[in-house]
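The primary structure of each chain is shown beneath.
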Amino acid sequence: MTVTSEAATTWTGSLMEGSGTVAFSSSNLGTFPIDWKSRSEGSDTTTTPEELIAAAHASCFSMALSHALAENGTPPERVNTSASVTFKPGVGITGSHLNVNASVPGLTPEKFQEIADGAKTGCPVSQALAGIEITLEASLA
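Below or above, wherever it landed, is the structure these notes cover.

So, how was this worked out
Residues numbered from 1 in each chain as written. Predicted model: local features only at pLDDT ≥ 70, side-chain atom pairs only at ≥ 80, totals over all residues. Heavy atoms only, no water. Helix = DSSP H or I, 4+ residues; strand = E, 2+ residues; numbered from the N terminus. Buried < 20%, exposed > 50% of the residue type's maximum accessible area, 1.4 Å probe, protein only. Contact = heavy atoms within 4.5 Å. Areas by Shrake-Rupley, 256 points an atom, 1.4 Å probe, with all protein chains shown as cover. Pairing = 2+ DSSP bridges. Axes fitted to C-alpha atoms, helices over the stretch in contact; angles between N-to-C directions. Phe/Tyr/Trp six-rings, centres within 6.5 Å; stacked < 30°, edge-to-face > 60°.

**Some points on the overall build of the chain**
Okay, step 1: When helices and strands are tallied, the chain shows four helices and six strands.
Okay, step 2: Along its sequence from the N terminus, the chain presents helices and strands in the succession β-β-β-α-α-β-β-α-α-β.
Okay, step 3: If you line up the chain on its principal axes, its C-alpha atoms span 55 × 30 × 25 Å.
Okay, step 4: The buried share among the 141 residues of the chain stands at 31%.
Okay, step 5: Pairs at least 24 residues apart make up 51% of the contacts formed inside the chain by residues separated by at least 6 positions.
Okay, step 6: Total accessible area on the chain stands at roughly 8,500 Å², and carbon and sulfur atoms take up 53% of it.

**Section: the sheet that holds strand S6 (residues 133-140)**
The strands making up a sheet associate through hydrogen bonds between their backbones, and the pairing can be parallel or antiparallel.
Okay, step 1: Read across the sheet, three strands follow the order S4-S5-S6 without closing on themselves; strand pairing throughout is mixed. Sheet topology places strand S4 (78-88) and S6 at the edges, where each strand pairs with a single neighbour. Averaged over all adjacent pairs, the angle separating strand axes in this sheet is 15°, with direction ignored.
Okay, step 2: Two strands pair when backbone bridges link them, and S4 and strand S5 (residues 92-103) are joined in this way by 11 bridges, in the antiparallel orientation. Note on S5: the bridge partner recorded for Asn80 is Asn101.
Okay, step 3: Packed onto the sheet, helix H2 (residues 49-71) meets S4, S5 and S6 and runs at close to 145° relative to S4.
Okay, step 4: Along the sheet, helix H3 (residues 109-122) contacts S5 and S6; its crossing angle with S6, the most-contacted strand, is approximately 150°.

**Here we look at the sheet that holds strand S2 (residues 19-24)**
Okay, step 1: Here three strands make up an open sheet; going across it, the order is S1-S2-S3 and the pairing antiparallel. Where the open sheet ends on each side, the last strands, each with one partner, are strand S1 (7-12) and strand S3 (32-35). Sheet twist, expressed as the mean angle between neighbouring strand axes with direction ignored, is 25°.

**A word on the packing of aromatic side chains**
Okay, step 1: Taken as a whole and judged by the stated rule, the model has two aromatic pairs.
Okay, step 2: The interplanar angle of 55° and the centroid separation of 5.6 Å between the aromatic rings of Phe24 and Phe32 together place this pair among those described as tilted.
Okay, step 3: For Phe24, a relative accessible area of 28% puts it in the partly exposed group.
Okay, step 4: With a centroid separation of 5.9 Å and 85° between ring planes, the pair formed by Trp36 and Phe87 is classed as edge-to-face. Of this pair, Trp36 sits in helix H1 (residues 36-41) while Phe87 sits in strand S4, placing them 51 residues apart in sequence.
Okay, step 5: Residue Trp36 is classed as buried on the basis of its relative accessible area of 16%.
Okay, step 6: Phe87 gets classed as buried once you look at its relative accessible area, which sits at 19%.

Nothing here speaks to function; it is all geometry.
Structure, rendered in structure tokens:
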């Protein structure tokens, strides 16, 4: 079965002075504002394409890790993942850093790191981001 996910953006104006909104077909949360200033200088109140990529990467990695841990016979009680995607104006997206902390009874830190490294490589979003550096910090709770 193939699944297609959708999002839509409306943009008004030029890159530097314009702004827009992004909405997700699966959500009734409304639209999220986007603009160049927030993307190039950072913002705590305006969404960026990199924030959306970070959300996709963190959620995909968490699913891949949970699956790999279960296949190892050590299903997790909890997996908390954050992703930090870096953007440099004029260059583009330069990296994604995954930081995961999980509660996995009966698993050594070394084995957890091994499984997490495999999940990082196997995660479909990691594969889609193969053109950038992807780093990982993994720890057990």
